[in-house]
Amino acid sequence: MIEKTDISKEDLLNAYRNIVMERFLDKKMLNASKQGFLPFYIPLMGHEAIHIGIGLAIRNTDFFYPYYRDFGAIIERGIPLDMALSQVFATEDDNALGRSMPNHFSFKKYNIGAVITTVAGHLTAATGIAYAYKYRKKEGSIITTFGDGATSTPDFHVAMNFAGVYNLPMVFFCENNQFAISVPTYPAENGAFDQTYMETRGDIYKKAEAYGFKGIRIDGTDFVEVYRQTRKALENAKNGPILIEAMSYRMGPHSTADDPNKYRTNTVPEGSAKDPLIASQKALKDMDILDDSMIKSINDEMDRKTTELVNKYEREPKPDKHTMLDNLYEEEPWYISEERGDVQ
Amino acid sequence: MTMVKALNSALDNAMERDDSVILLGEDVGTDGGVFRVTDGLLNKYGKERVIDTPLAELGIMGFGIGMAMEGLKAIPEIQFQDFLYTGMDQIINQMAKLRYRTNGDYTVPMVLRTPYAGGVHGGPYHSQSGEVYFTHTQGLTVVTPSTPYDAKGLLLSSIELNDPVIFLEPKRSYFIKGEVPEDYYKIDLRKANVLKEGDDLTVITYGPSVPLVQNTVKKNNVNAEIIDLRTLNPFDINTILTSVKKTGRVLIVHEAPKMFGVGAELAATIAEKAIDYLSAPILRVTGLDIPVPFALEDYYVPNERRIMEAVNKLLNYQ
Ligand SMILES: Cc1ncc(C[n+]2csc(CCOP(=O)(O)OP(=O)(O)O)c2C)c(N)n1
Ligand SMILES: [Mg+2]
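Everything numeric in this text was worked out from a predicted model, so none of it was measured. (Residues numbered from 1 in each chain as written. Chains lettered and ligands numbered in written order. Predicted model: local features only at pLDDT ≥ 70, side-chain atom pairs only at ≥ 80, totals over all residues. Heavy atoms only, no water.)

## Some points on the overall build of chain A
Within chain A, the secondary structure is distributed over 11 helices and seven strands. In terms of overall dimensions, chain A is globule-like: its C-alpha atoms have a radius of gyration of 20 Å, near the 20 Å expected for 344 residues. Based on the C-alpha atoms only, the size of chain A along its principal axes is roughly 60 × 50 × 45 Å. Within the span of chain A, comprising 344 residues, buried residues form 58% of the whole. Sequence-distant contacts, at least 24 apart, represent 71% of the contacts inside chain A between residues at least 6 apart. Taken as a whole, chain A presents about 14100 Å² of accessible surface, with 51% of it coming from carbon and sulfur. Looking at charge distribution, chain A has the averaged site of its 40 positive side-chain charges lying 3 Å from that of its 50 negative ones. (Helix = DSSP H or I, 4+ residues; strand = E, 2+ residues; numbered from the N terminus. Rg over C-alpha atoms; globule rule 2.2 N^0.38 Å. Buried < 20%, exposed > 50% of the residue type's maximum accessible area, 1.4 Å probe, protein only. Contact = heavy atoms within 4.5 Å. Areas by Shrake-Rupley, 256 points an atom, 1.4 Å probe, with all protein chains shown as cover. Lys, Arg positive; Asp, Glu negative; His and termini not counted. Charge placed at Lys NZ, Arg CZ, Asp CG, Glu CD.)

## Focus: the coordination of the magnesium ion (ligand 2)
Residues and elements named next belong to chain A. In this structure, Asp148 (OD), Asn177 (OD1) and Phe179 (O) serve as the protein donors to the magnesium ion (ligand 2), at separations of 2.1 to 2.3 Å. One chain supplies every donor to the magnesium ion (ligand 2), and in sequence these donors are spaced D-x28-N-x1-F. Of this pair, Asp148 sits in the loop between strand E2 (142-147) and helix H6 (154-165) while Asn177 sits in the loop between strand E3 (170-176) and strand E4 (179-180), and the two are 29 residues apart along the sequence. For the residue pair Asp148 and Asn177, the accessibility class agrees, reading buried in each case. (Donors = N, O, S within 2.8 Å, 3.2 Å for Na, K, Ca; no water.)

## Things to note about the pairing of strand E3 (residues 73-77) of chain B
In the case of a regular strand, side chains alternate between the two sheet surfaces. All names here are of chain B. Counting buried positions along E3 gives five out of five residues, so the element sits mostly inside the fold. Inspection of the sheet shows strand E1 (residues 21-25) paired to E3 by five bridges, in the parallel sense. What sits directly across from Leu23, in E3, is Ile75. (Pairing = 2+ DSSP bridges.)

## Points about helix H10 (residues 292-314) of chain A
Residue and element names in this part refer to chain A. The end-to-end C-alpha separation of H10 is 33 Å, in line with the 33 Å expected for 23 residues at 1.5 Å each. Listed as buried for H10 are Ile295, Ile298, Met302, Thr306, Leu309, Val310, Tyr313 and Glu314. Packed against the buried residues of H10 are helix H1 (9-34), helix H4 (81-88) and helix H9 (276-286). (Expected span 1.5 Å × (residues − 1).)

## Notes on the packing of aromatic side chains
We describe a pair of aromatic rings using the distance from one ring centre to the other and the angle between the two ring planes. Inspection of every chain in the model, using the stated rule, returns 25 aromatic pairs over all chains. Taken together, Tyr131(A), Tyr135(A), Phe162(A), Tyr166(A) and Phe63(B) form an aromatic cluster joined through their ring pairs. Above the face of the Tyr100(B) ring, Arg99(A) is positioned so that its terminal group lies 3.9 Å from the ring centre. We note Arg264(A) situated over the ring of Phe179(A); from NZ or CZ to the ring centre the distance is 5.0 Å. (Phe/Tyr/Trp six-rings, centres within 6.5 Å; stacked < 30°, edge-to-face > 60°. Lys NZ or Arg CZ within 6 Å of the ring centre and 35° of its normal.)

## Concerning a negative patch on the surface
Residues and elements named next belong to chain A. Together, Asp82, Glu92, Asp93 and Asp320 make up a region of like negative charge exposed at the surface. By the element assignment, Asp82 lies in helix H4. Residue class for Asp82 comes out partly exposed when judged on its relative accessible area of 42%. (Patch = residues over 30% accessible without salt bridge, like charges linked within 9 Å, V, L, I, M, F, W, Y side chains within 5 Å. Salt bridge = Lys/Arg side-chain N within 4 Å of Asp/Glu carboxyl O.)

## A short note on the pairing of E3(A)
All names here are of chain A. The buried fraction of E3 amounts to seven of the seven residues, a majority that puts the element mostly inside the structure. A two-sided burial pattern is seen for E3, the buried positions comprising Met170, Phe172, Cys174 and Asn176 on one face and Val171, Phe173 and Glu175 on the other. For E2 and E3, the ladder comprises six bridges, and the chain directions are parallel. Each bridged residue has a counterpart across the sheet, and for Gly147 the counterpart in E3 is Glu175. Where the polypeptide runs from E2 across H6 and back to E3, its parallel neighbour, the crossover connection is right-handed. Where E3 lies against strand E7 (residues 242-247), six bridges are found, and the strand directions are parallel. By the bridge assignment for E7, Phe173 is matched with Ile244. (Right-handed = clockwise from strand over helix to strand, strands pointing away.)

## Some details on the interface of chain A and chain B
Each side of the interface is counted separately: chain A has 49 residues, and chain B has 48 residues. Taken together, both faces of the contact between chain A and chain B bury some 4100 Å²; the carbon and sulfur share is 55%. At the boundary of chain A and chain B, one finds four salt bridges. Note that Arg190(B) is salt-bridged to Glu331(A), the shortest N-O span being 3.7 Å. Connecting chain A to chain B are 25 residue pairs in polar contact (both at pLDDT 80 or more). Only strand E1 (63-65), helix H5 (123-135), H6 and helix H11 (334-339) of chain A provide two or more residues apiece to the side of chain A that touches chain B. With nine residues, H5(A) is the largest single contributor of residues to the side of chain A that touches chain B. Residue composition of the side of chain A that touches chain B, grouped by class: 27 nonpolar, 12 polar and 10 charged. (Buried area = accessible area lost by both parts, 1.4 Å probe. Polar contact = N/O pair within 3.5 Å; in protein donor to acceptor, adjacent residues only side chain to side chain. Nonpolar A, V, L, I, M, F, W, Y, C, P; charged D, E, K, R; others polar.)

## Some words on the site of ligand 1
All names here are of chain A. Taken together, 15 residues sit near ligand 1, with Tyr67, Tyr68, Arg69, Gly149 and Phe179 positioned nearest. Between ligand 1 and Asn177, the relevant distance is 2.9 Å, taken from an oxygen atom to a side-chain nitrogen or oxygen of the residue. The contact in question runs from an oxygen atom of ligand 1 to an N or O atom on the side chain of His254, over 3.3 Å. Protein chains bury 70% of the 580 Å² of accessible surface belonging to ligand 1 in isolation. The class makeup of the residues in the shell around ligand 1 is seven nonpolar, six polar and two charged. (Near = heavy atom within 4 Å.)

## Quick notes on the sheet that holds E3(A)
Residue and element names in this part refer to chain A. Reading across from one edge, E1-E2-E3-E7-E6 is the order of the five strands in this open sheet, with parallel pairing throughout. Only two strands of the sheet have a single partner each, and these edge strands are E1 and strand E6 (214-219). The sheet shows a mean angle of 20° between the axes of neighbouring strands, taken without regard to direction. One ladder, built from three bridges, connects E1 with E2; its direction is parallel. Across the sheet, the residue bridging to Tyr65 is Thr144, located in E2. (Axes fitted to C-alpha atoms, helices over the stretch in contact; angles between N-to-C directions.)

## Details of the domain arrangement of chain B
Residues and elements named next belong to chain B. Along its sequence, chain B is carved into domain 1 (3-173) and domain 2 (193-315). Centre-to-centre separation of domain 1 and domain 2, based on C-alpha positions: 27 Å. Listed by partner, the interface residues are 26 residues for domain 1 and 24 residues for domain 2. Across the interface of domain 1 and domain 2, roughly 2000 Å² is buried in total on both sides, 53% from carbon and sulfur atoms. In this assembly, domain 1 and domain 2 are joined by three salt bridges. (Domains from an automatic or database assignment.)

Right under this line is the structure:
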């Protein structure tokens, strides 16, 4: 069982620092996209407590298969910032040579799966990874994250069913930010203009029961709660899967390609009590880990640091165009060799 | 032994050598697969390695891909190629692209086996020849055997490959017999097989159409060179061009429909690289451009009459 003492004050403070860093980085990356340095960007605001909570809960032996909105979780899990930002800015140092959109990480040596753009396209693969863990009797469990909209896909239901049938060591973690682009998940009280369309009429966490295992709903704005529940779930997953639905709110647009004012009024403005940054400050103040002067100095530090980072990565060179045809197959086919002549 | 037995023998050899080889699919366990390709393997290797799955092609595909990402060698069976489309997203967007989009951080060394094409009067949903859906997906290796010997050797080579393979088994040839060694052996996946040498024309074919072409050529004493592609993508361009430059006349035979088919790619490539050697237009004899009809399947597939009409047209072309 996880006790309060399981997590030190130092860990909590570091986690808070990462929440602040994620918030600043998010704003600056969004800004970079407005200035044309990033052709596309997926904002993070509203997800920070979930990201940092699960990142804190994942151990080196666990396998994490994330989706495209999990930047902070990757950082909290321990991926060097340089590696993550090279991916986001598609620089020549990106381990995948800038082949995917921002936030599509793939870090096999850290037990992190390759993020796929297709919503829920990774969930069935996560079950296969879990099967391999079980077959090889490997230490650790599998955690995979996804949005609320993802729970409408066939992939979600098939993956949940397989996990139940083979009793896989898995945590299905739904980051319910209450919207799939413009379509509300459960319309009530999330500010959606149209309350007749929705992702589902049934509670997401209850869907686990139909597949033979437990589902729980937690507060996704409280990173300590997210950490505790996720850690517990990862440890208990050896006895079978679990579904966690973490409730939060997507405070920004879905991506740089939409304007939320068209389909909703924001019910969680920045700085309000349900903003995960504010909720985290309050929680740590209540535990006497944080005070106002620390909040200010951490803000100043992260503001400076993230400005420097984004300025640097905006200007890093892109991958050499000749790498573009590499690594389609282990052995290059004759027609790819011919097409090398087309890249000048 | 039959092609079914040859495939079974290949799986048996591979599983014996390497405990990372895992079979999965609908009815592959106790039932041994609806065509019996996995017969007896559950008893020999146990439930952890021969897995009966819920009825969901999407799940079977993703399950196998995940295993492959974690170092196992998954060999899923999709009961009929016609039903694989419900898992097609996993093939196109995950299996085929993982190596490329991660620049090799992850690979998917997995072999997806599935029976395809006609021969059992299965109507529109047990007879499809969907090979172009896979050949037109970058990153896949698409293999199709024509004999029991090739079936075993090509399957073992596919299992050793570090990339995903779509292994299309011509169900009309499942019960043809041939010599097959019990031991482990491999066949080069990047080389076509010249089944018969000849001077007057080149017939390029593969999988389910190979026996028909061989019988037709033999019965009618045609001095044709017959090439069995074995691998559709990447196909063996050198063997094709060498033969075409010798004969100057080309016939392509496949059971899949003609429009936008494998034949179109072969013909275009030959025209691009060897048009100066051709003495006649490139012709195709293929399945008709309709879904496979239940009662009239025999009129749908290529036959001796249509092949000979094309052969004579090519030989008489001035
Ligand atoms: C299969 C699929 N359909 C549509 C899209 C386009 N799309 C990208 S994200 C998205 C909404 C996903 O919502 P949700 O699962 O709640 O995750 P969120 O983006 O809110 O974190 C859509 C429709 C896609 N990427 N994949
Ligand atoms: Mg959402």
